[in-house]
Amino acid sequence: MPTAGADLARRLGPIDATLVVMGGIVGSGIFMNPAVVARQVHTPFLIHGAWVLGGLVALLGAFVWAELASRRPQVGGQYAYLREAYHPVLAFVYGWGLLLVTQSGGMAAVAVTFARYARELGVDMPVGALAALALATLTVINCFGVRAGAASQNLFMVLKLVAIAGLVATGALLAPRHPEAAAVALDRPLSLDLVTAYGAALVPVLFAYGGWQTAAFLAGEVREPRKNLPRGLLLGVGGVIVLYLSVSWVCLRVLGPAGLAATNTPASDVMRAALGLPGARLIAAGIAISTLGFLSQSMLTAPRVYYAMAADGTFFSAVARVHPRTRVPIAAIALQGVVAIVVALTGSYEHILSFVVAVDWIFFGLAASCLFALRRHDRERGGAGGEQAGADQVFHNPGHPLTTILFIAVAALVVANTAYRYPTNSAIAFAILLTGVPVYWLWTLSARRGAPRDGAPRG
C-alpha cells in the first residue's frame, strides 16, 4: 500500500533530463504551426526570423530556469520557486491553474489530436474513447515508477526525432523545390502594421516552444540536480531550436511562402509532394507518435506539482503519498490522468486551449521574477560569504538582470496580447485562477482547526 513515509527516488540522469526537456516542448504543433506563422508574415526572412526569435525567448527562459533549478532543486519546479520567493497562496494558485486549465486542457487537446490521426491510420474507435484510452494507458505506465515513465517518454522522444529527421531529409532530397518569388526581406513597409503582424506570428511560435519548464517538476528525482537540470535545460532547448528551424526551412523549400500559408497540414503536404499518399500516411503516424510523446512527458512531470502541494498541507494528503516499491506519487498521477480524461471526453478542451497560453505566460513571468527574490534570500542566508552553502554548484543566468527582465517583459506582452485578442476566454481563465485563493485559505483554515476534509492533511 502507498505510504507517506517513502520518498521520491533520484533515478534520472542527464540524458533523461535533456530528453524530458525536449519531450515537454516538441508536440504536434511543429507539424502544423509553420502554416499559422506564414499566414501572418509572408517572406522566408520573416518566417524564419519568427522561429529564431521564439527560440531565443525560449533560451532566455531556459537560462532563468537553469539557475532557479540549481538554486532550488526541489520537487515541483515553479510551484517551489513561487512558494519560497513570494507566498504559498501564489504557489497554490499556480498548481490549481495547472490542474484545472493549462496542463489538463493541453493534455486533453493533444490526446484528441492523437485520436484523430490514429483514426486516419485505420484505428476504428470514437475520438473521445481513443483519447481517453491513450491517457489511461500512460497514467498506468507512469504509476509503475519514474524509470518506467522516463523510459516511455524517452522512447517517444527518440521516435519524434526520427519522424522530424525523416520529414526534413525526405523533403530536402525527394520533394521538388518550390520556385521562390523575389528575394525580398519584408512583405510590407516597416510600420506598426508589420510589428503587430509579427507579434501575431510569434504567438504560435511561443506556444510551440513552451514546455521547457516542466523538467524542473522532476528536480526531486534527478541525480545531481544542480548540475544535470541546467545541462538538460540548455541542451534540450538548443536541440529543439535546431529541429524547429529545420522543419520551417523544409516547409518553405517545398511549399513556398504562399503554399505554406494556404495549407492546414504543412508536414503532410511536404511528405505528399515527396512520396505521394504513402508519405502523407507516414507523417500522420509520426504526428501520432509525437502527440503520445508529449502526453507521456506531461504525465511524468505535472503530477509532481500536486504531490508538492499535498506535502505542504494544501491538498489531499493521499496525493502526497509515495508508493514504497515504485517510489512515485500514484494518487497524484491518477488525479492528473482522471482530470485530463474528463476534459477530453466532455470536449471542453477546445475552450480551455484558447486561454492556456495566457495562463502559462502569467506564471512564466512570475516564476522568472522569483530569481531576484531567491538571489536576495541566498545572499542574506550566506552572510559574509554572499551565498548559501553549495553556491559553487549554482548555475548563474548569463546577463542577469537584463536577460531576466527581458524575458519577464516578453511574458507580459504575450499575456497582454492574448487578453486583447481573446478577452472572454482570458477573463474565464483569470476567474478560474482567482477561485484558487479562497480554496487555499479554506483548506489551510480547515487544516489548522484539525478537521480536514476527505483526508486532507492535518496541520
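Look a little higher up for the structure.
Procedures and definitions
Residues numbered from 1 in each chain as written. Predicted model: local features only at pLDDT ≥ 70, side-chain atom pairs only at ≥ 80, totals over all residues. Heavy atoms only, no water. Helix = DSSP H or I, 4+ residues; strand = E, 2+ residues; numbered from the N terminus. Buried < 20%, exposed > 50% of the residue type's maximum accessible area, 1.4 Å probe, protein only. Contact = heavy atoms within 4.5 Å. Areas by Shrake-Rupley, 256 points an atom, 1.4 Å probe, with all protein chains shown as cover. Patch = residues over 30% accessible without salt bridge, like charges linked within 9 Å, V, L, I, M, F, W, Y side chains within 5 Å. Salt bridge = Lys/Arg side-chain N within 4 Å of Asp/Glu carboxyl O. Axes fitted to C-alpha atoms, helices over the stretch in contact; angles between N-to-C directions. Parallel < 35°, antiparallel > 145°, perpendicular 65-115°, else oblique. Left-handed = near helix turned anticlockwise from the far one by under 90°. Nonpolar A, V, L, I, M, F, W, Y, C, P; charged D, E, K, R; others polar. Core = buried A, V, L, I, M, F, W, Y, C linked by side-chain atoms within 4.5 Å. Polar contact = N/O pair within 3.5 Å; in protein donor to acceptor, adjacent residues only side chain to side chain.

**Description of the overall build of the protein chain**
Stage number 1. Each helix and strand in the protein chain was counted, giving 17 helices and zero strands.
Stage number 2. Residues counted as buried form 57% of the 459 residues belonging to the protein chain.
Stage number 3. Restricting the contact set of the protein chain to residue pairs at least 6 apart, pairs at least 24 apart contribute 83%.
Stage number 4. Taken as a whole, the protein chain presents about 17900 Å² of accessible surface, with 68% of it coming from carbon and sulfur.

**Re a nonpolar patch on the surface**
Stage number 1. A grouping of Leu-173, Leu-174, Leu-275 and Leu-282 is seen on the molecular surface, where their side chains present a nonpolar patch of about 430 Å² in accessible area.
Stage number 2. Examined against the element boundaries, Leu-275 turns out to sit in helix α10 (residues 266-275).
Stage number 3. Judged by relative accessible area, which is 39%, Leu-275 ranks as partly exposed.

**Quick word on helix α2 (residues 33-40)**
Stage number 1. Asn-33, Pro-34, Ala-35, Val-37 and Ala-38 are the residues of α2 that are buried.
Stage number 2. In this fold, the buried residues of α2 make contact with α3 (44-71), α8 (192-209), α9 (225-262) and α10.

**Considering the packing of helix α4 (residues 78-85) against helix α15 (residues 356-382)**
Stage number 1. Following both chains from N to C, one finds α4 and α15 inclined at 50°, their axes separated by 9 Å at the closest point. Considering their axes alone, α4 and α15 lie oblique with respect to each other. Seen along the crossing, α4 lies across α15 with a hand that is left-handed. Facing Gln-78, Tyr-81, Leu-82, Glu-84 and Ala-85 of α4, the residues of α15 in contact are Phe-363, Phe-364, Leu-366, Ala-367, Cys-370, Ala-373, Leu-374 and His-377.

**Considerations on the pattern of salt bridges**
Stage number 1. Applying the stated criterion across every chain yields a total of seven salt bridges.
Stage number 2. Across the salt bridge formed by Asp-378 and Arg-71, the nearest N and O atoms sit 2.7 Å from each other. Placement of the pair is Asp-378 in helix α15 and Arg-71 in helix α3, with a sequence separation of 307 residues.
Stage number 3. The exposure class assigned to Asp-378 is buried, which follows from its relative accessible area of 1%.
Stage number 4. In this structure, Arg-83 and Asp-312 form a salt bridge, with 2.7 Å as the shortest nitrogen-oxygen distance. Pair noted here: Arg-83 is in helix α4 and Asp-312 is in the loop between α12 (303-311) and α13 (330-346), with a separation of 229 residues, a long-range link.
Stage number 5. Via salt bridges that share partners, Glu-67, Arg-71, Arg-72, Glu-84, Arg-375 and Asp-378 belong to a single interconnected network.

**Topic: the environment of Gly-171**
Stage number 1. Locating Gly-171 in the fold gives a position in helix α7 (residues 146-173).
Stage number 2. A sequence separation of 104 residues divides Gly-171 from Leu-275, and the C-alpha atoms of the two residues are 9.2 Å apart.
Stage number 3. Residue contacts for Gly-171: discarding those within four places in its chain leaves Val-250, Arg-253, Val-254 and Val-270.

**A word on the packing of helix α5 (residues 88-120) against helix α6 (residues 127-143)**
Stage number 1. Two numbers describe how α5 lies on α6: the axes approach to 8 Å, and their chain directions differ by 115°. For the pair α5 and α6, the crossing hand works out as right-handed. Every residue of α6 that contacts α5 at Met-107, Ala-111, Val-112, Phe-114, Ala-115, Arg-116, Ala-118 and Arg-119 is listed here: Val-127, Leu-130, Ala-131, Ala-134 and Leu-135.
Stage number 2. By residue class, the composition of the contact of α5 with α6 is 11 nonpolar, no polar and two charged.

**Some words on the nonpolar core**
Stage number 1. Trp-65, Trp-212, Tyr-244 and Trp-361 are the most contacted members of the largest nonpolar core, which totals 137 residues.
Stage number 2. Sort the elements by how many residues they give to this core and α5 lands first, with 18 residues.
Stage number 3. For Tyr-244, the contacting residues outside a window of four places in its chain are Ile-25, Val-26, Gly-27, Ile-30, Trp-51, Ala-208 and Tyr-209.

**A few points about the side chain of Thr-291**
Stage number 1. The residue Thr-291 is located in helix α11 (residues 277-301) in this model.
Stage number 2. A distance of 2.6 Å separates a polar side-chain atom of Thr-291 from the backbone oxygen of Ala-288.
Stage number 3. Here Thr-291 is in contact with Ser-28, Val-110, Thr-113 and Phe-114, once residues within four sequence places are set aside.

**A short note on the environment of Gly-24**
Stage number 1. Mapped onto the elements of the fold, Gly-24 is located in helix α1 (residues 14-25).
Stage number 2. Gly-24 sits 274 residues away from Ser-298 along the chain, and the two C-alpha atoms are 6.8 Å apart.

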